Amino acid sequence: KAGVTQTPRYLIKTRGQQVTLSCSPISGHRSVSWYQQTPGQGLQFLFEYFSETQRNKGNFPGRFSGRQFSNSRSEMNVSTLELGDSALYLCASSLEGQGGETQYFGPGTRLLVL
Amino acid sequence: DAKTTQPPSMDCAEGRAANLPCNHSTISGNEYVYWYRQIHSQGPQYIIHGLKNNETNEMASLIITEDRKSSTLILPHATLRDTAVYYCIVRAKAAGNKLTFGGGTRVLVKP
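Residues numbered from 1 in each chain as written. Chains lettered and ligands numbered in written order. Predicted model: local features only at pLDDT ≥ 70, side-chain atom pairs only at ≥ 80, totals over all residues. Heavy atoms only, no water.

S.K.: Got a sec to walk through a nonpolar patch on the surface? Specific residues and values, please.
M.R.: A grouping of Ile12, Leu112 and Leu114 of chain A is seen on the molecular surface, where their side chains present a nonpolar patch of about 300 Å² in accessible area. Residue position: Leu114 of chain A is located in the segment after strand S11 (109–113). (Patch = residues over 30% accessible without salt bridge, like charges linked within 9 Å, V, L, I, M, F, W, Y side chains within 5 Å. Areas by Shrake-Rupley, 256 points an atom, 1.4 Å probe, with all protein chains shown as cover. Salt bridge = Lys/Arg side-chain N within 4 Å of Asp/Glu carboxyl O. Helix = DSSP H or I, 4+ residues; strand = E, 2+ residues; numbered from the N terminus.)

Here it is as structure tokens:
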């Protein structure tokens, strides 16, 4: 089975721009979560999508948004980029998003904001 | 989700067992203990998880104390490729796929 894939793997943007990142979950997985990892804050939960609906949300400003499509693929968007948005963005998927399941992570998208 | 406490770093000799402790004294009955590791700049890799009983898979063993307030991840024969940051996470059984990562333990396996 193919793992979680994320595109693009690397991205450079400038302040004020917006960016869209894509995540394809493992086949059959319906829950997709997004995380941001920075050296200062570590790994932080952004949001989770299940059946095209946002089910959980972390403490991030409204500039961070996401969506999920009927095939469970997900995108996240960051508008009006700030320097502090430079980070590794990770996507993870699991079957139903239940407590006993395993969540599998993708390789991440490294975003650099100049 | 309950908070976890891990030592910030530890060294281990190649070929020896690595025992990684995790304290989760406020864990509740419906919370699982998960272990992930992250090798430099890659996505976290699932290792193992458990609820009450000890668990073993091809990567590691998980020992959970009877009161469930702490656990130990055991890498039976550490190799240089096991050098990584190891995260212990406690996660509720309820629906919702949010993992709360702490600082983890930076493990350095030395030849």
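S.K.: Outline the sheet that holds strand S3 (residues 31–38) of chain B, supporting the account with residue identities and numerical values.
M.R.: Two modes of strand pairing occur in sheets, parallel and antiparallel, and in both the strands are linked by backbone hydrogen bonds. Residue and element names in this part refer to chain B. Taken together, the 5 strands give an open sheet; going across it, the order is S1-S9-S8-S3-S4, and neighbouring strands pair in mixed fashion. Since the sheet does not close on itself, it has two edges, and those belong to strand S1 (9–13) and strand S4 (45–50), each with one partner. Between one strand axis and the next, the sheet turns through 25 degrees on average, direction left out of account. Pairing between strand S8 (residues 84–92) and strand S9 (residues 105–110): 3 bridges, direction antiparallel. (Pairing = 2+ DSSP bridges. Axes fitted to C-alpha atoms, helices over the stretch in contact; angles between N-to-C directions.)

S.K.: Describe the side chain of Gln36 of chain A, naming the residues involved and giving the relevant values.
M.R.: Residue and element names in this part refer to chain A. Note on placement: Gln36 falls in strand S4 (residues 31–38). Overall, the relative accessible area of 5% leaves Gln36 in the buried class. In terms of polar contacts, Gln36 uses its side chain to reach the side chain of Tyr89, at 3.0 Å. Setting aside its immediate chain neighbours within four residues, Gln36 contacts Gly42, Leu43, Gln44, Leu46, Phe60, Phe64, Gly84, Asp85, Ala87, Leu88 and Tyr89. (Buried < 20%, exposed > 50% of the residue type's maximum accessible area, 1.4 Å probe, protein only. Polar contact = N/O pair within 3.5 Å; in protein donor to acceptor, adjacent residues only side chain to side chain. Contact = heavy atoms within 4.5 Å.)

S.K.: Tell me what's going on with the pattern of salt bridges, and back it up with residues and numbers.
M.R.: Residues and elements named next belong to chain A. Here the structure, examined in full by the defined rule, presents 8 salt bridges over all chains. Asp85 is the partner of Arg63 in a salt bridge, and the nearest nitrogen-oxygen pair spans 2.8 Å. Residue Arg63 is found in the loop between strand S6 (53–57) and strand S7 (64–68), and its partner Asp85 is found in the loop between strand S8 (74–78) and strand S9 (87–94); the two are separated by 22 residues along the sequence. Taking the relative accessible area as the measure of exposure, Asp85 reaches 3% and is therefore buried.

S.K.: Go over the interface of chain B and chain A, please, and point to the residues and values.
M.R.: In this complex, chain B contributes 21 residues to the contact, which on the side of chain A involves 23 residues. Carbon and sulfur atoms supply 48% of the area that chain B and chain A bury against each other, a total of about 1700 Å² over both sides. Where chain B touches chain A, the interface holds 0 salt bridges. Viewed at the interface, chain A and chain B are joined by 6 residue pairs in polar contact (both at pLDDT 80 or more). Contributions of two or more residues to the side of chain B that touches chain A are made by S3, S4 and S8 of chain B. In terms of residues, the side of chain B that touches chain A owes the most to one element, S3 of chain B, which gives 4 residues. (Buried area = accessible area lost by both parts, 1.4 Å probe.)

S.K.: Outline the pairing of strand S2 (residues 18–23) of chain B, listing residues and values.
M.R.: Residues and elements named next belong to chain B. Because side chains alternate across S2, one face comprises the buried residues Ala18, Leu20 and Cys22, and the other comprises Asn19, Pro21 and Asn23, none of which is buried. Note: S2 against strand S7 (residues 70–75), 6 bridges, orientation antiparallel. When the bridges of S7 are listed, Ala18 appears paired with Leu75.

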